[in-house]
Amino acid sequence: MARYDYTKLQNGSDIRGVALEGVEGEAVNLTAEAASRLGRGFLFWLTNMTGKGAHELTVAIGRDPRLSGDDIAKAITEGLLPHGCKVLDAGLASTPAMFMSTIFDTYKCDGAIMITASHLPWNRNGMKFFDAYGGLNKGDIVDIITFAESDSMLNSMRPIPPKEVTDIPLIDTYAAHLRRLIIDGVGASEKPLAGMKITVDAGNGAGGFYATKVLEPLGADISSSQFLEPNGNFPNHAPNPEDKRAMAAICDRVKECGTDLGLIFDTDVDRSSAVDERGQEINRNSIVAMAAALIADAYPGTTVVTDSITSNELTTFLEEGLGLKHLRFKRGYKNVINKSIELNDAGIDSQLAIETSGHAAYKENYFLDDGAYLATKIVIKAAQLFKEGRGISTLLADLKLPAESEEVRFPILAEDFGAYGDAIIADLENLAQSG
């Protein structure tokens with residue numbers, strides 16, 4: 001039997017596991033040792049991808065506010081330092097900001113690790129990995145796990161006197177980047193949002209910075225915002241735009257306070273949705289329509305890649321209303337992103353890949369699924385319409401929604417859920433071919 005087995009921690013292109021005790025029937029499997037070895041596995045992966053020695057690499061580490069985040073960050077850091085890797089501690093951060101640590105000239109990291117389990121319950125946690133080309137794919141995670149389980153591979157990175165950990169103000173750098181996008185996009189003064197009331201609901205995740213560090217310095221009234229304080233217990237509602245209670249909370253808040261726009265983020269800010277000035281949610285099919293409408297004029301005829309569960313009404317809006325092309329593809333945000341990249345490589349312009357869950361990736365933004373970037377594009381358009389005396393709802397006036405819409409998810413209770421799910425898909429394919 002293998003000494004280490006981390007395969008059950010893989011969730012597509014992420015690592016996810018139980019990090020804290022407290023939920024009946026859930027044993028901790030994302031331990032400090034596992035986090036440390038997986039971090040070292042990523043370091044080994046980076047040496048292979050970059051051709052650099054471990055001592056020549058710089059890796060940034062950030063986290064969302066989960067209760068286990070600090071301990072996991074410490075374990076990863078202690079795993080990297082003995083190999084001479086330079087570690088930048090970003091502290092509380094967002095997943096997109098962690099990728100941008102490989103882009104910003106201030107940092108130019110070789111890789112980045114975000115400690116998050118997105119919208120999962122408080123006792124879960126995980127890891128997302130980036131290099132300068134974007135988020136890693138499923139096959140890369142398989143390789144990292146293989147390296148993490150191998151003493152010989154990890155020990156091939158020679159021990160070197162460790163460098164000191166450097167704290168970095170990454171979220172401040174990232175917020176400044178977003179502020180500049182808004183100033184340039186609105187084409188106004190340093191206070192382009194003056195007079196606007198914008199409600200932000202961060203669900204006590206990592207997204208509160210968007211209200212205080214992006215919108216407020218640009219003149220927006222954010223006094224109606226709620227749940228901005230990071231709290232790993234997530235006491236108010238699930239930090240998840242797909243959660244009905246979460247969406248109801250921000251819709252009610254926008255109506256109560258009469259604000260011009262509402263924005264809601266998931267825990268690590270790689271997803272977002274919105275609420276218009278009437279208090280109506282812009283979510284699921286509507287957020288896809290919104291994301292596409294924001295680029296329709298700049299990229300006429302571009303192909304929008306979505307997951308498979310979008311509505312026929314959305315297709316009509318995209319193709320007949322906006323003059324774009326709509327390609328439905330399989331579920332999974334990495335799947336739609338990779339498909340969009342594949343189209344571009346084949347000479348077919350595709351500027352947007354987006355899931356109905358709110359993962360939106362624009363070609364102009366490194367195909368990074370970034371909830372704050374989508375929110376920024378929405379804010380720019382809302383500010384332009386505000387000057388004209390109109391609300392963001394006018395952008396979607398021609399979008400029709402299905403009479404009923406319900407997503408049904410079947411839980412897989414098998415221990416090896418990945419293999420079990422693959423077997424079901426294979427059986428369905430065989431059934432379809434035999435019919």
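Structural data are supplied above this passage.
In what follows, the accompanying structure is described.

Criteria and cut-off values
- Residues numbered from 1 in each chain as written.
- Predicted model: local features only at pLDDT ≥ 70, side-chain atom pairs only at ≥ 80, totals over all residues.
- Heavy atoms only, no water.
- Helix = DSSP H or I, 4+ residues; strand = E, 2+ residues; numbered from the N terminus.
- Expected span 1.5 Å × (residues − 1).
- Contact = heavy atoms within 4.5 Å.
- Core = buried A, V, L, I, M, F, W, Y, C linked by side-chain atoms within 4.5 Å.
- Buried < 20%, exposed > 50% of the residue type's maximum accessible area, 1.4 Å probe, protein only.
- Axes fitted to C-alpha atoms, helices over the stretch in contact; angles between N-to-C directions.
- Parallel < 35°, antiparallel > 145°, perpendicular 65-115°, else oblique.
- Left-handed = near helix turned anticlockwise from the far one by under 90°.
- Nonpolar A, V, L, I, M, F, W, Y, C, P; charged D, E, K, R; others polar.
- Polar contact = N/O pair within 3.5 Å; in protein donor to acceptor, adjacent residues only side chain to side chain.
- Salt bridge = Lys/Arg side-chain N within 4 Å of Asp/Glu carboxyl O.
- Pairing = 2+ DSSP bridges.

**Here we look at helix 6 (residues 170–186)**
Between its first and last C-alpha atoms helix 6 spans 25 Å; for 17 residues at 1.5 Å apiece the expected length is 24 Å, and the two agree. Of the surrounding secondary structure, the elements contacted by the buried residues of helix 6 are strand 4 (86–92), helix 3 (95–100), helix 7 (209–215) and helix 12 (371–387). Where helix 6 terminates, the next one or two residues include G187, which has phi positive at roughly 70°.

**Here we look at the nonpolar core**
With 77 residues, the main nonpolar core has L193, Y210, L215, L263 and I378 as its most contacted residues. The element that contributes the greatest number of residues to this core is helix 12, accounting for 10 residues. Leaving out residues up to four positions away in the same chain, L193 has contacts with I182, I198, L215, L218, G219, A220, V379 and A383. Ranked by size, the runner-up nonpolar core spans 38 residues in total, among them Y6, A73, V87 and L136.

**As for the packing of helix 6 against helix 12**
Between helix 6 and helix 12, the least distance of the axes is 9 Å, while the angle of their chain directions is 30°. Judged by the angle between their axes, helix 6 and helix 12 are roughly parallel. In the crossing of helix 6 with helix 12, the sense of the turn from one axis to the other is right-handed. Between helix 6 and helix 12, the contacting residues are Y174, L178, L181, I182, G185 and V186 on the first element and A372, Y373, T376, V379, I380, A383, Q384 and K387 on the second. In the contact of helix 6 with helix 12, the residues fall into 10 nonpolar, 3 polar and 1 charged.

**Some words on the side chain of Q351**
Turning to its location among the elements, Q351 is positioned in the loop between helix 11 (333–345) and strand 15 (352–354). At a separation of 2.9 Å, a polar atom in the side chain of Q351 contacts the side chain of D349.

**Structural notes on the pattern of salt bridges**
In this structure the tally under the stated criterion is 24 salt bridges. One salt bridge connects R63 with D70, and the closest N-O pair in it is separated by 2.8 Å. Among the salt bridges present, the one from R284 reaches E242, with a minimum N-O distance of 2.8 Å. Here R284 is found in the loop between strand 12 (281–282) and helix 9 (285–293), whereas its partner E242 is found in the loop between helix 7 and helix 8 (244–257), with 42 residues between them in sequence. Where salt bridges share partners, they join E242, D266, R271 and R284 into one cluster.

**Some points on the packing of helix 9 against helix 10 (residues 312–321)**
Following both chains from N to C, one finds helix 9 and helix 10 inclined at 10°, their axes separated by 10 Å at the closest point. Taken together, the axes of helix 9 and helix 10 are roughly parallel relative to one another. Judged by residue contacts, N285, V288, A289 and A292 of helix 9 engage L314, F317 and L318 from helix 10.

**Things to note about the sheet that holds strand 13 (residues 303–306)**
Sheets are built from strands that pair by backbone hydrogen bonding, the pairs being arranged parallel or antiparallel. Strand order in the open sheet formed by 5 strands is 14-13-15-16-17, with mixed pairing between adjacent strands. A strand with exactly one partner marks an edge of an open sheet, and here the two such strands are strand 14 (325–328) and strand 17 (368–369). As judged from the 2 bridges shared by strand 16 (residues 360–362) and strand 17, these two strands associate in the antiparallel manner. From the neighbouring strand, A361 faces strand 17, where its bridge partner is D369. Helix 9 contacts strand 13, strand 15 and strand 16 of the sheet and is inclined by roughly 165° relative to strand 15. On top of the sheet, helix 11 reaches strand 13, strand 14, strand 15, strand 16 and strand 17; it is set at about 155° to strand 13, its chief contact.

**Thoughts on the sheet that holds strand 10 (residues 261–265)**
Taking strand neighbours across the sheet as the criterion, the 4 strands line up as 9-10-11-12 in an open arrangement whose pairing is mixed. Strands with a single pairing partner mark the edges of an open sheet, and in this sheet they are strand 9 (198–201) and strand 12. Here strand 10 pairs with strand 11 (residues 272–275) via 4 bridges, running antiparallel. Bridge assignment links G262 to a residue of strand 11, and that residue is V275.

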